[in-house]
Structures are given as C-alpha cells and as structure tokens.
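# Coordinates in review
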Amino acid sequence: MKIIKLIKLIRPKQWLKNVFCFAPILFSGNLLYWDKLSINIIAFIAFCGISSCVYILNDISDVESDRNHKKKRFRPIASGDVSIKEAWAFFALLLAFVAAACIFYLPASFGVVIVLYLTNNFLYSYKLKHMVLLDVFSISIGFMLRVVGGGFAIDVQLSSWMIITTIFISLFLGISKRRAELSNADEGGATKQRKVLDDYSIDFVEQLNTIAATGTIISYALYTASDKTITTFHTDKLIYTTPFVIYGIFRYLFLIHKKNLGENPASIVTKDIPIIVTGILWVIVCAAIIYKAKLGL
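Here's a quick rundown of the structure. Source: prediction; values computed, not measured.

Rules used throughout
- Residues numbered from 1 in each chain as written.
- Predicted model: local features only at pLDDT ≥ 70, side-chain atom pairs only at ≥ 80, totals over all residues.
- Heavy atoms only, no water.
- Phe/Tyr/Trp six-rings, centres within 6.5 Å; stacked < 30°, edge-to-face > 60°.
- Helix = DSSP H or I, 4+ residues; strand = E, 2+ residues; numbered from the N terminus.
- Buried < 20%, exposed > 50% of the residue type's maximum accessible area, 1.4 Å probe, protein only.
- Lys NZ or Arg CZ within 6 Å of the ring centre and 35° of its normal.
- Expected span 1.5 Å × (residues − 1).
- Polar contact = N/O pair within 3.5 Å; in protein donor to acceptor, adjacent residues only side chain to side chain.
- Contact = heavy atoms within 4.5 Å.

Overall, the coordinates contain 12 aromatic pairs when judged by the stated rule. Between Phe27 and Trp282, the aromatic rings sit 5.9 Å apart at their centres with planes inclined by 45 degrees, giving tilted as the arrangement. Here Trp282 lies in helix H15 (residues 273-294) and Phe27 lies in helix H2 (residues 23-27), a separation of 255 residues in the sequence. Summarising the aromatic geometry, the rings of Phe122 and Tyr126 are spaced 4.9 Å apart at their centres and angled 40 degrees between planes, so their arrangement reads as tilted. Of this pair, Phe122 and Tyr126 both sit in helix H7 (residues 108-126), separated by 4 residues, roughly a single helical turn. The partly exposed category is assigned to Phe122, whose relative accessible area is 44%. Among the aromatic residues, those joined into a cluster by ring pairs are Phe27, Tyr220, Tyr223 and Trp282. Of note, Arg146 hangs over the ring of Phe143, and the distance from its end group to the ring centre comes to 4.8 Å.

See below:
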C-alpha cells in the first residue's frame, strides 16, 4: 500500500533523536507542570514533522547513491515505490503541518529554530555532506537546535554546559556513523555511497571519536558539578549520574569496534538492551535527584 511506503519514507524510527528537545524541561525542573510539558510535547511533534521533511529531502538528493547501497536501495524513492513528485507533495504537506504548529501553539523563537534547522539540513543535503568535517558539524548543529528549540518552547534559559555536552555527544554519534560507513563499505564502493568517505579513514575517525567521547563525559560531569547546577537544584548529587553517561559511551564504542554497528544510531539505542537499560536508569536517577530537591523531599 502507498500509505505504508509514505510512512516508511518519513522514518518514524528516527524520531527518537527528537527527544533531545525534552532535555531543557527535565533539567529545568518543569517536567511536572502540564502547561510546560504539553507545549514541549507539541515542540517534539513539530521536530518530528520537520525532521521527516529533512529525510524526504535527503532521499530525493541521494536517490542515485542510495541505489548503489546494499541497504539504502530499498528506501521508497530509491526503489521506485514512491516517485519524486509524490515525495515533494508529501514534503509540502508535512511542512505546512509544522508551520501550523509553530504559528498556533509555539513561540516565534521556536519557529526561528525550525527555520534554522531546515536551512542547516538543506545545506547538508546539497553541499555540506560532501565536505569533510563540516558534514559531522552540520549533524551536530541539528542536535543542538533540538535542545535550543526545546528551551525556547517552554521559555527556559539553557545552561552553557548543556549546549556543549549536546555538541560533543552529537559529534560522537556523527563520527561513529562515518566510522561504521567506512567499515561496512564494500571494497571500492565507498565513493558511490558517500563521496566524503574518501576524505576519512578509520584511524582518523577513531582519533576524532576519542576526542568527542572524552568531551562528552567531561562536559557532562562539569555541568553536574557546576555552581549554577547546584544552586538551581539545591543539591550536588547530580554528579552521581555521570557513571551512566560513561557506561553508555563505552558501550557504544564497544558496539562500534566489536560489532561493526553505528551506521544507524537510532537502531542501536532501540535494540541494544544494555544501552536501553542505562538510558532508562539515567532518566530515572536524574529525575529523582532533581525533583526530590525541587519538592523539598
């Protein structure tokens, strides 16, 4: 059925990335307030819509290279199940939905973030994805804008350390994706799949990933121990959530190096049991520490 192909085109599994927009509400102590949470949920839905627009844009842009990929050739546009004309029509429909959500429910500042997100991804699809290093920085900007958008949606000030941590972890995920693509590329087929891979090597991306992983852990630890965090939450206990972050990074590195995974971060996060359990425990412990202190328990 055509509707199933269209749903596949917008990649609902990838919507998991948009949970980054909930970081501000969790770490601002507003998660228990329905007026804030409801707006944040609408912001999340808007990001799902605009990110699906981006996936359609990417598939239109990459249709020829996708046809040379052992897995991506089964995507709706590359396989011919959805025509480019149909894809553009669905793109316009989703874009109108996101615009309506921004106009009627969300502040203007959030709308600016959505425009920046779409612009960044448009540049990525048609230019930046072919430019070494700038390609992964463009991916990182996308994650950072999710966090910034979540903050603007509920009108809370973001911690500088939260932004820095987001930049590092998104660089880590982007670089890990490049490493997996290099590892899984058929001999002589890397250029056909993604031209920028010619400018990377396994050794190079491993050095970059070491820096990104280290930056993620250190910036998160410094955020939890900063004076502003302690003053905001009236507790210094948030530092005890750092081991969950360290284990999550180490586990991801294990999957990249020993299992040759990483090309699809959303798949790892939704299928690897240790990472799923770690993520759930991290959220529970963070919430318990933040809201116990906020409620004076």
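We are not done yet, so read on.
Time to look at helix H9 (residues 160-184). Counted at 1.5 Å a residue, the expected span for H9 with its 25 residues is 36 Å, and the 36 Å between its end C-alpha atoms agrees. Capping of H9 at its N-terminal end is provided by Ser159; its side-chain oxygen lies 3.2 Å from the backbone amide nitrogen of Trp161.

Within the secondary structure, Thr242 sits in helix H13 (residues 242-259). Once residues within four sequence positions are removed from consideration, Thr242 is found in contact with Tyr220, Ala221 and Thr224.

Without other data, these values stay purely geometric and don't point to any function.
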